[in-house]
Amino acid sequence: MPLALLALAVGAFGIGTTEFVMMGLLPDVADDLHISIPAAGHLVSAYALGVVIGAPLLAAVTARMSRRTVLIALMGLFVVGNALSAVAPGNDSLLAARFLSGLPHGAFFGVGAVVATNMAAPERKARSVSLMFLGLTVANVAGVPAATLMGQHLGWRATFLGVSAIGLAAIASLALLIPHDRAAAPATGLRGELAALRSVPVWLALGTTVAGFGALFAAYSYITPMLTDAAGFAENRVTLLLALFGVGATAGNLLGGRLADHSLRGTLFGGLVSLAAVLLLFPLLMRAEWSAALAVTLLGTAAFITGSPLQLMVMEKATAAPSLASSANQAAFNLANAGGAWIGGLALAAGFGVTSPALAGAVLAVLGLGVAGVAYAVDRRHEAAHEVTHEGRVVAAHVPEHAGALRS
């Protein structure tokens, strides 16, 4: 694998750290800015909104630029957003800075996935994407806990300064390791880029991402009360258990990339089935500490097996605009984050029990499996139609020129 993938992984590590560290810093930020915890929670939403808006927008407007230049520029915007977060004087300015920090997130992963696949051999494309995402999953194991501890001991502003430093390291890595490219995406213009997203297979792939990762976040958003109220863990042990989720996610990401190079569709179906099974078993696994720890690890593994296959599938369905489609998949991931958390919350509010969000997630995983099945059927129909058309052209090409005269 090219060493340049390390540069992409460093950028992914910084992005993953800043995305998830806010959850652990909410009490500190709320106390310092004299706002409530729910109000501080809007800082998480502001970042996600930035991802959803910035992912397709920045990918589309930078389509004609060198992808190396785009990656460096996006990481520069990431550094600026986090530096502004560190010096924000109040809640409103911090909201704006978090939104700005989220803007380059999806486009970086989208363009980075295209660069990663272009540098890898055809039989290693999914593996190359998984190595880029390795930075994101490792951030959950090491980056987020370390950044949270930094914020608790040195103040939350120090955390965002530290993340900015990671961004600067990523810029240096990108400049040194990513090869210069003379041309980026096809110069089809903004309309041409957007037209590539009108394809039904592209939207089915994006729908699978929303449902599949919505299943993850329906459960993961409420994993702390499950671990404390159902499994009986003390609150000070939850951070360690969340690191186990990161370990599982890292293993699932690497496994999914390797398997998808052999069977893209099979890996996707297998991952979604595994995710539904793990979530269905959650109420049973949360009855003891050892099995709850296993459940958290398996949740990360099953969910992230599907990450690389989904990213690669979206890119393959939009060959005219792979960067835009790949970035749109990151927007879909964040919609899954918000939507899954909302659906899991509905299950809790309905009084179905502390582990009910996991069962709601299982339903979403089955829904994702259904959407993936429809996508497979559509692909098969298109392939069959293409074969019929191709065979018709071959037959026509072999009809003798004097055949019409003989019939007449």
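On a predicted model such as this, the values are computed, not experimentally measured, just so you know.

(A) Here's a closer look at the packing of aromatic side chains. A full pass over the atoms with the stated rule returns 9 aromatic pairs. Ring geometry for F108 versus F109: centroids 6.1 Å apart, planes at 85 degrees, classification edge-to-face. Looking at F108, the relative accessible area reads 1%, which means it is buried.

(B) Spotlight on the pattern of salt bridges. The final tally for this structure, using the stated rule, is 4 salt bridges. Of the charged contacts, one joins D261 and R127 as a salt bridge, the two residues approaching to 3.5 Å between their closest N and O atoms. One end of the pair, D261, is in the loop between α10 (238–260) and α11 (264–285); the other, R127, is in helix α5 (residues 125–154), and 134 residues separate them in sequence. Neither D261 nor R127 differs from the other in exposure class; each is buried. One salt bridge connects R237 with E289, and the closest N-O pair in it is separated by 3.4 Å. Taken together, the positions of R237 in the loop between α9 (223–230) and α10 and E289 in helix α12 (residues 289–305) put the pair 52 residues apart, joining distant regions of the chain. According to the relative accessible area criterion, R237 is partly exposed, its value standing at 38%. Taking the relative accessible area as the measure of exposure, E289 reaches 32% and is therefore partly exposed.

(C) How the structure looks around the nonpolar core. Judged by nonpolar contacts, the single largest core of 48 residues is most densely connected at L216, L227, F282 and M286. For this core, the elements supplying multiple residues, two or more each, are α8 (200–220), α9, α10, α11, α12, α13 (307–317), α14 (322–349) and α15 (356–397). The dominant element in this core, judged by the number of residues it contributes, is α11, at 9 residues. Setting aside chain neighbours within four positions, we find F282 in contact with I223, M226, A295, L299 and A358.

Rules and cut-offs
Residues numbered from 1 in each chain as written. Predicted model: local features only at pLDDT ≥ 70, side-chain atom pairs only at ≥ 80, totals over all residues. Heavy atoms only, no water. Phe/Tyr/Trp six-rings, centres within 6.5 Å; stacked < 30°, edge-to-face > 60°. Buried < 20%, exposed > 50% of the residue type's maximum accessible area, 1.4 Å probe, protein only. Salt bridge = Lys/Arg side-chain N within 4 Å of Asp/Glu carboxyl O. Helix = DSSP H or I, 4+ residues; strand = E, 2+ residues; numbered from the N terminus. Core = buried A, V, L, I, M, F, W, Y, C linked by side-chain atoms within 4.5 Å. Contact = heavy atoms within 4.5 Å.

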